[in-house]
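# A closer look at the structure
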Amino acid sequence: MVYPHISTSADLLKSTVRLDELFPYLKEQGAASAAIVNTKLYGILPFWEACRRAGIHGVVGLSAAIEYEEQSYPVVLYAQSNKGYGNLLKISSALSTRDKEAIPEQWLKAYREGLICVIPNKTEWLLTDRSLVFEYVKHLFGSAAFGSIERPGGITSEHEPAFVGICENMGLPIIASQESRYLHQQDAFAYEVASAIGQSLKMEDPERKKPEHTNAYVPSRQEFESWFADRPEWFQRTADVLKSCQLTIPMNRQLLPVFPLPKETDKAAFIAELCKSGLAERVPGYSRDYQDRLDYELSVIGTMGFIDYFLIVSDFMKYAKDQGIMTGPGRGSSASSLVAYSLKITDVDPLEHGLLFERFLNPERVTLPDIDIDFADHRRHEVVEYVAEKYGAVRTAQIITFGTLSAKAVARDTARVFGFEAEELDAISKMIPNRPGTTLRLALKESQTLESWIMEREERKTWFKTALKLEGLPRHASTHAAGVILSPSPLVDHVPIEKGHEGIYLTQWPMQELEAIGLLKMDFLGLRNLTILEQIRNLIYWDTKKRLDYRNIPLTDAETFKLLAAGDTTGVFQLESEGMRGALRQIKPTAFGDIVAVNALFRPGPMEFIPLYARRKHKQETVKYVHPILEPILSETYGVIVYQEQIMHIAAKMAGFSLGEADLLRRAVSKKKREILDQERAHFARGAKAKGFTEAEASEVYDLIVRFADYGFPKSHAVAYSIISYQLSYVKTHYPVHFYTGLLGNSAGNADKTRQLLQEIKDNKIPLLPPSVQQSRHSFSVEDGKIRIGLNAVKGVPGTTIKALLAAREDGPFSSLFNIAERISALHFNRKSFEPLIKAGALDDFGYDRSVLLASLDSAIKHAELVKPNEDPGLFDDMGSSFMKPKYTKATELPESLKLDYEKEVLGFYLSKHPVEREKEERQKSYNELKSLHTKRDRESVRVLGMVEDIKRIRTKKGDAMAFVTLVDETGPASVTLFPVEYAKYNLLLESHAILEIQGQVENRNHKTAIICKNIET
C-alpha cells in the first residue's frame, strides 16, 4: 500500500493532516511508502523523521506549476535521488524568492535532473488540445515523465478516457494517485473552513475558491485498491515510482560558516594573536592564570572547529561598536569564555567572577556554540544587514516561525468565515481567555456561559466542532525575532528559502529543523534597556559634553549600592518588581556579587533562600557547610548553592571530576531520572573515595547537589545581566535627571509607567518643564538640570508636524502663533496638530492665555493657507509677510479646572498641579497617599483624599446595589469598595471628577490592595 500525494498541515491552511494522527493510521493500513506533496517545502523534515520512525519509505514531492507559452499547468515533482532533492530545494527557493507562480523553461531545464514529473488529470490539462505541453514535458523528462489519474471516493472523471488516450499517444506511463488534504472523509467540511480562513473569505462569498470534491481524504488500503480494481497495473506502477525515489536528507552535519581570510593564513595563530592583544588591552600585564586559561580555551575551540565562528562574532561586534551601536555585556553561558572577553564579544572577565568555560563549551559533549548577542533594539537590524552584506545574501537568512491557530484565534477565525455578526465575535473574545495554554476544551469546561451560548443555536454547535478540529494548525509564517543563519555555502544547497524583509532571505524551515541538519543559528537580540542606556549616554553628552563609558564605571560605587539597598529601582533592568525590591531591601547589596546573587535567586524555588542569604550576610546567623571542602566554593554566597558553576566546582574538587564531566553531571542530575541519579551517585562516590572521603561524606554532598540541581542558575548569565542592572542603577544614582529623561522618552504610550516615573521625579524634587515650541526637542530632554517634556509626548500631534516645527526653528525662534503658521505651511499647521499643543501649554511662551490661542487658531490656519499653502517657495516668502499678520482673538481666561482637564487629555497627566494636591493644600489636613496603601497592614484605618476616575455599580446576589470606585490622587490610583449600607448613604456623591475625602480600612487580597469605605465627606 502506498500513498503518493499527502499534503500536510505544514502547507498553511491547505490541509488539515496532522502527522501525529496520520502515522498511526498509515501503519494500520500497512503503508510501504508515503510522499509529502506541499506547495512549498514546509514540513518536509518532520514528515521524513516520522516516516523513519514508522518504518515507512519516505518520498519528498512538491506541488508546483510549469510555464508553457505564458500559461501555467499543475504538476507534481518527486525527488528521485539526492541530486533531485537538491534541485527541488532550488526550484522551491527560486519560486518563493522571485514571486513566480510557475517554473519557466530555463529553470526546468537547469533543475530537471533527478526529478520525476507527474501530470495530474486536472482540467487545466484537458480544456483544449494540450498535446504540445505534454510533448514539452515528455521531451524534458523522458522516462521520468508520468501521467496520474485520480478517482477520489471511487468516482471516475468524465475526462478520464480523453486523458488516458493522450497519455498513451505520448507514451506516458500512468500511475494511480489520490490527493489527500484531510485524514477522514468527515473532515472535508473542516478543511473547507480552513481553506476559507486562508483565503480570508466568508463561506458564502461567491469569490471563494471551493474544493472540487469532498473525497480528498487518506483512503484505506481496501478503498484505494477497489477504486482502481480495473487497472491494477496503475496501482503497481505508483508503488514502483515511489520505491524508485531513493534519497537521504543529510542530518547533523557541521555546516559552520567560514570567516574570510587569505588562504595561507593559519587561523589558529591568527585568533591567538587577536586574543593576546585584546586581553592585554582589557587586563594590562595579565597573570599566568589568564595565559593558561586562554591557551586551554583556544585549544578546545580549535579542536571543535569553531575558530571561524568566534572570528565572525568578533567581527560583527567590532562593526557594532565602531558604529556606536550599544551592545550587551554578554548573555547566557558565553560570558564564561575568556576568548569571548578578549575578542570583545562579552564584557565579563570570567576569571574575576569565577566562571567556567565548560559551562559554555564542553569538550566532553560536543554541541554547537551558542553566543547570543544583545543590541540596542532600534539598531539591531543594522548589524544583521552588515552580516548579510559581508557573507553574501545567498549565505545569510533569518529564520521562519509558524504561528498556530490558538483557541481564541481559531474560534474567531472560524466564526468570521461562518459569517457571525460583530457582537457574536466580541462575545467569543470575552468568553475564551487569552491565557497561554488555554484550549477550546478547557475554555468550555471552565465557562458555563460559553456552553449555554453554544447550545442556543445549531450553527454555533457546528462552529465549535469545526474550530476544535482546526485548533493548533499552523496559520501563518513570520520571522523569528532574533535568529540569523550563516551558511558556509549557498543556503539553497541545504535548505529551501523564501523572500524575507529588507533584502534578507527567510528560511522555509524553522529553527529546530535547521539545527537538525547542522546549520548554525546566531541570536541577534534587541534589548530595550540597551537603547535606554544609549539614550541616557547621549543625553549626558549633549548636556555636559562628557562621554560616559559604561565599561569603565567602577563596580564598587557605594552610592549605587545605597540606592539598591533602598529598593529604589524603578526603571532598573530586572530589579523593578515589588518582590525584587523587597529582596534588595532584605539583602542590602554592598558588592556587585550581591546583585548577581539576587538576580539568580529571584525565581520560583530558589526564592525561599533569599531570607537565609540575607541573614547570613548580615551575620544574624552563622554560615554552615555540609563539609569543610565546600567553604571556598560557597563562601561567596554564604553557604547557599546559587549557581550551576558551584555544583561543577564541588564535583571537581570532591570527586575529582574534570569540569567537562562535572557539567555532564549537572545536566544529568537536573533531569531527576531515578536510574541516572543512582548511576551518578555511584560515580561520585567512587571519585570521592579515591580522594580520601568517606562514603557518608560523599553521599551527603551528593544529596546537596541533587537538591540544588534545579535551583542552580548559570552564573555567567546572572553576572552579564547584573552588569546592565548595575549600569542603570549607577546612572540613576549619579545622573538622575538624564536617567528619568531617557526613561520617560522610552515610556511614551505607557500611562502607568509614565505616572510612576513622574511621581518619582516629583519626590526627587526634579523640576519638570512643560512642552514648548521654542525649547522642546522631539522627545524629553535635559535643560539646566530640569526635564523638558518633548513635543512627541503631546497626544495627537503627528510626527510630520513635529519634524516641520523643529526644522523651521533652526532658522530662529518663533515670534507668534501666526509666525509658526507662515513658516511651517498649511500642510502641517492645522487644528488636529495645534489644538493639542496649545492645550498642553506648548505655546505659553508667547505670553497669551491658552483660551486666546485656541480662539485665534482659525485665523492662524487661514493665514497659513493664504501665505504658505504648501512647502513650495511662496509668493510672500521674501516679504516676510509682515504686512498681513492677523491679530489675536480676545477670549476670557480658561478656568483652572478646564486647563487641568486639557493637560490630562493631551499629556495623560496633570502638569501644572494635580487638582487633589491643590485641594490638600487648601484643606490643610493630613491624608494617606494612595501609593502608600500597599505598605499598610490589613484592616488598618486610613483617611485619603482623591478624585473619582471611574465608578462600577453592581448588584449583590441578594439584589442590593454596591459600587467599586477608582480613586486617584497625585501619587496614583486606588480601588475603593462601597458595600450596600455605605452605597445607600453616599451614592449621590459618586460622580466622575468629584473630589472626596474617604475614611476606611485597607484590605489586602490576592496581591491587590483596596479601601473598604466607611465614611465619605466632600
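As a convention, each chain's residues are numbered from 1 in the sequence order in which they are written. Where totals are concerned, whole chains, interfaces and linings use all residues; where local detail is concerned, this predicted model gives features only for residues with pLDDT of at least 70, and gives and counts side-chain atom pairs only at 80 or more. Think of the side-chain values as coming from all heavy atoms in the structure, minus any hydrogens and water.

## Re the overall build of the protein
Segments assigned H or I by DSSP are reported as helices when at least four residues long, segments assigned E as strands when at least two residues long, and all are numbered from the N terminus. Along its length, the protein carries 41 helices and 21 strands. Overall, the protein is about 100 × 90 × 75 Å in size when its C-alpha atoms are taken along their principal axes. Think of it in three bands: with a 1.4 Å probe and only protein chains considered, a residue is buried below 20% of the maximum accessible area for its type, exposed above 50%, and partly exposed in between. Burial status across the protein gives 54% buried among its 1018 residues. A contact between two residues is defined here by any heavy atoms of the two lying within 4.5 Å. Looking at the protein alone, contacts between residues at least 24 apart form 71% of all its contacts between residues at least 6 apart. Treating the 128 positive side-chain charges of the protein as one cloud and the 135 negative ones as another, the clouds have centres 4 Å apart. Positive charges are assigned to Lys and Arg, negative charges to Asp and Glu, while His and the chain termini are left out of the count. Throughout, a charge is located at the NZ atom of Lys, the CZ atom of Arg, the CG atom of Asp or the CD atom of Glu.

## Some remarks on the layout of surface pockets
Take a probe with the size of a water molecule and roll it over the atoms, and the empty space left behind shows itself. A 1.4 Å probe that fits into a set of points on a 1 Å grid over the protein atoms alone but cannot get out defines a cavity; an open set with protein on both sides within 12 Å along at least five of seven lines defines a pocket, and lining residues are those with an atom within 4 Å of a point. Grid points are joined across faces, edges and corners, and a volume is the space filled by probe spheres set on the points. A volume near 1,700 Å³ is recorded for the largest pocket. Residue lining of the largest pocket: 50 residues in total, with Ser63, Lys122, Glu179, Arg181 and Lys209 positioned closest to the centre. Counting residues per element, the ones that place at least two in the lining of the largest pocket are strand S3 (57-68), strand S4 (71-79), helix H3 (82-97) and helix H7 (188-199). Of the residues forming the lining of the largest pocket, the biggest block, five residues, is contributed by S4. Residues that form the lining of the largest pocket fall into these classes: 18 nonpolar, 16 polar and 16 charged. Quantified by volume, the second largest pocket comes out at close to 1,400 Å³. Nonpolar residues are Ala, Val, Leu, Ile, Met, Phe, Trp, Tyr, Cys and Pro. Charged residues are Asp, Glu, Lys and Arg, and all others, Gly as well, are polar.

## A word on the packing of aromatic side chains
Here the aromatic set is Phe, Tyr and Trp, taking the six-membered ring for Trp, and pairing holds for ring centres within 6.5 Å; pairs whose planes are under 30 degrees apart are stacked, those over 60 apart are edge-to-face, and all others are tilted. Using the criterion set out here, one finds 40 aromatic pairs in the structure. Here Phe189 and Phe418 contribute two aromatic rings whose centre-to-centre distance is 6.0 Å and whose plane-to-plane angle is 70 degrees, an arrangement assigned as edge-to-face. Here the residue Phe189 occupies a position in helix H7, and Phe418 occupies one in helix H15 (residues 407-418), the gap between them amounting to 229 residues. Assessed through its relative accessible area of 36%, Phe189 is described here as partly exposed.

## Here's the deal with empty space enclosed by the protein
For the coordinates displayed, the defined rule picks out two cavities of 30 Å³ or more. Roughly 90 Å³ of volume is contained in the largest cavity. Looking at the largest cavity, the residues that line it are His5, Val76, Tyr78, Val118, Pro120, Asn121, Lys122, Ser148, Glu150, Ser177 and Glu179. Among the elements of the structure, S4, strand S5 (115-120) and strand S6 (145-150) are those that each provide at least two residues to the lining of the largest cavity. Considered as a void within the structure, the second largest cavity measures approximately 40 Å³ in volume. Lining the second largest cavity, in full, are Gly328, Gly330, Ser334, Ile345, Thr346, Ile371, Asp372, Ile373 and Asp374. Within the lining of the second largest cavity, the residues separate by chemical class into three nonpolar, four polar and two charged.

## Things to note about the sheet that holds strand S9 (residues 396-404)
Taken in spatial order, the six strands line up as S8-S13-S10-S9-S12-S11 in an open sheet, and their pairing is mixed. The open sheet has two free edges, formed respectively by strand S8 (372-376) and strand S11 (497-498), since each of these has just one partner strand. Relative to strand S13 (residues 520-527), strand S10 (residues 474-486) runs antiparallel, the two sharing four bridges. If you follow Ile485 over to S13, its bridge partner there is Lys521. Lines fitted to the C-alpha atoms define the axes, with helices restricted to the stretch that makes contact. Angles between their N-to-C directions range from 0 to 180 degrees. Packing of helix H14 (residues 380-391) onto the sheet brings it into contact with S8, S9, S10 and S13, and relative to S13 it is tilted by some 150 degrees. Strand pairing is defined by DSSP finding a minimum of two bridges between the two strands.

## Brief notes about the sheet that holds S6
Taken together, seven strands build an open sheet; the order of strands is S1-S2-S3-S4-S5-S6-S7 and the sheet is mixed. On the outer flanks of this sheet lie strand S1 (2-6) and strand S7 (174-177), each paired with one strand and no other. In this sheet, adjacent strand axes meet at a mean angle of 30 degrees when their direction is disregarded. Note: S6 against S7, four bridges, orientation parallel. When the sheet's bridge partners are listed, Glu150 is paired in S7 with Ser177. Lying on the sheet, helix H2 (residues 44-54) is in contact with strand S2 (33-38) and S3; it crosses S3 at an angle near 145 degrees.

## What about helix H11 (residues 288-304)?
Helix span, as expected, comes to 1.5 Å for every residue beyond the first. Its 17 residues place the ends of H11 24 Å apart at the C-alpha level, agreeing with the 24 Å of an ideal helix rising 1.5 Å per residue. Regarding H11, the residues found buried are Tyr290, Gln291, Arg293, Leu294, Glu297, Leu298, Val300, Ile301 and Met304. Summarising the contacts, the buried residues of H11 are in contact with helix H10 (267-282), helix H12 (307-322) and helix H13 (338-342). Once H11 ends, the next one or two residues include Gly305, with phi positive near 80 degrees.

## Points about helix H28 (residues 659-670)
Under the 1.5 Å per step criterion, the end-to-end length of H28 is 17 Å for twelve residues, consistent within 8% with the ideal 16 Å. Buried positions along H28 lie against helix H27 (644-655), helix H29 (674-690) and helix H30 (695-709). Once H28 ends, the next one or two residues include Lys672, with phi positive near 60 degrees.

## Quick look at the nonpolar core
Nonpolar cores are built from buried Ala, Val, Leu, Ile, Met, Phe, Trp, Tyr and Cys residues. Side-chain atoms within 4.5 Å join them into one set. Core analysis: the biggest nonpolar cluster contains 131 residues, and Phe684, Ile820, Phe829 and Leu843 have the highest contact counts within it. The biggest single contributor to this core is helix H31 (residues 715-734), with ten residues. Excluding its chain neighbours within four sequence positions, the residues that come into contact with Phe829 are Leu817, Ile820, Ala821, Ile824, Phe834, Leu857, Ala860, Ile861 and Ala864. In this structure, Ala34, Val37, Trp125 and Val495 belong to the second largest nonpolar core, which totals 98 residues.

What is shown is where atoms sit, not what they do.
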